[in-house]
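# Structural overview for review
Chain residues, written in single-letter form:
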Amino acid sequence: MRHGKKFNHLSRTHSHREAMLQNMASSLILHKRIETTLAKAKELRKFVEPILTRSKEDTFQNRREAFRALNDKETMKELFGTVADKIADRPGGYTRIIKLGNRLGDNAETCLIELVDFNELLLAAAAEKATATTKTRRSRRGTGSRPATEVTPVVAAETVDVPSAEVVEDEAPVTPSPASGDDLTTSEDTEPKIA
């Protein structure tokens, strides 16, 4: 029984799976973005994120462990060079998976896995949004700094132009009886009507 075993073997032997993940991790580090299936991307994320964490601190032991996992010199130069500089202040979550839909041939779910800090479009949009937003979120609960007795009325900021109508006074206006405490009044039919 395989209760609780959540590792996805991807229908491959151990050596084939390790070689595939090494190659995919090298491609991800060199190209910053690759397209693959969703299952492979999720396994690649589990494989590559610890390597990226080790690359943030350039020590001999971290280089040995990263090289043991990747087994490629060019990838190591890129990893401990530009990638490590970009992800230095990020506390984790170095990759992003974007679903693309299903593949035509076998209907497999495809996705794009990329390094978060290398997507300039999203980084520029996030920076623009941060600078454009000047209003801060405020709690709906009272903070206690305002006295409870002081109440400020709310005034509508927009005025609506309503065409003026002539007022014609016919008879005395009908007022609801002060005896009734609600909006319902009784008529001669003894059925409650809404005033």
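Counting of residues starts from 1 at the beginning of each chain's written sequence and follows it residue by residue. Per-residue local features of the predicted model are confined to residues with pLDDT of at least 70, and side-chain atom pairs are confined, for both listing and counting, to 80 or more; whole-chain, interface and lining totals are unaffected and use all residues. Based on all heavy atoms of the structure, the side-chain values leave hydrogens and waters out of the count.

### Considerations on the overall build of the protein chain
Quick reminder of the rule: Here a helix means four or more residues in a row that DSSP labels H or I, a strand means two or more in a row labelled E, and each is numbered from the N terminus. When a residue's accessible area, from a 1.4 Å probe over protein chains only, is under 20% of the maximum for its type it is buried; when over 50% it is exposed; and in between it is partly exposed. Note on contacts: a residue pair is in contact if any heavy atoms of the two residues lie within 4.5 Å. Areas reported here follow the Shrake-Rupley algorithm with a probe of radius 1.4 Å; residue values treat only the protein chains shown as occluding.
What the protein chain contains, in helices and strands, is five helices and five strands. When the elements of the protein chain are put in sequence order from the N terminus, they spell out α-β-α-α-α-β-β-α-β-β. Relative to its full complement of 195 residues, the protein chain shows a buried share of 25%. A sequence separation of at least 24 residues applies to 55% of the contacts in the protein chain between residues at least 6 apart. Here the protein chain displays about 15,800 Å² of accessible surface, and carbon together with sulfur accounts for 53% of that area.

### A look at the packing of helix H2 (residues 38-55) against helix H4 (residues 73-86)
Note the cut-off: Throughout, an axis means a line fitted to C-alpha atoms (over the contacting stretch in the case of helices), and angles, computed between N-to-C directions, take values from 0 to 180 degrees. Put simply, angles under 35 degrees are roughly parallel, angles over 145 are roughly antiparallel, angles from 65 to 115 are roughly perpendicular, and the rest are oblique. Residue polarity follows a fixed list, in which Ala, Val, Leu, Ile, Met, Phe, Trp, Tyr, Cys and Pro are nonpolar, Asp, Glu, Lys and Arg are charged, and the others, Gly among them, are polar.
The geometry of H2 relative to H4 is characterised by a closest axis approach of 9 Å and an angle of 85 degrees between their N-to-C directions. When the axes of H2 and H4 are compared, the pair comes out roughly perpendicular. Between H2 and H4, the contacting residues are Ile51, Leu52, Arg54 and Ser55 on the first element and Leu79, Phe80, Val83 and Ala84 on the second. Residues of the contact of H2 with H4, tallied by class, amount to six nonpolar, one polar and one charged.

### Quick look at the pairing of strand S2 (residues 95-102)
Selection rule: A pair of strands counts as paired when DSSP detects no fewer than two bridges linking them.
As defined by bridge partners, S2 adjoins strand S3 (residues 109-115) across seven bridges and the pair is classed as antiparallel. In the sheet register, Ile97 faces S3, and the bridge partner there is Ile113. Counting the residues in the hairpin turn of S2 and S3 gives six residues, including Asn107, whose phi is positive at 60 degrees.

### Topic: the environment of Phe80
Summarising the element assignment, Phe80 is placed in helix H4. On the accessibility criterion, Phe80 (9% relative accessible area) is buried. Not counting residues within four places of it along the chain, the set of residues in contact with Phe80 comprises Arg54, Ser55, Glu57, Asp58, Asn62, Arg63 and Ala66.

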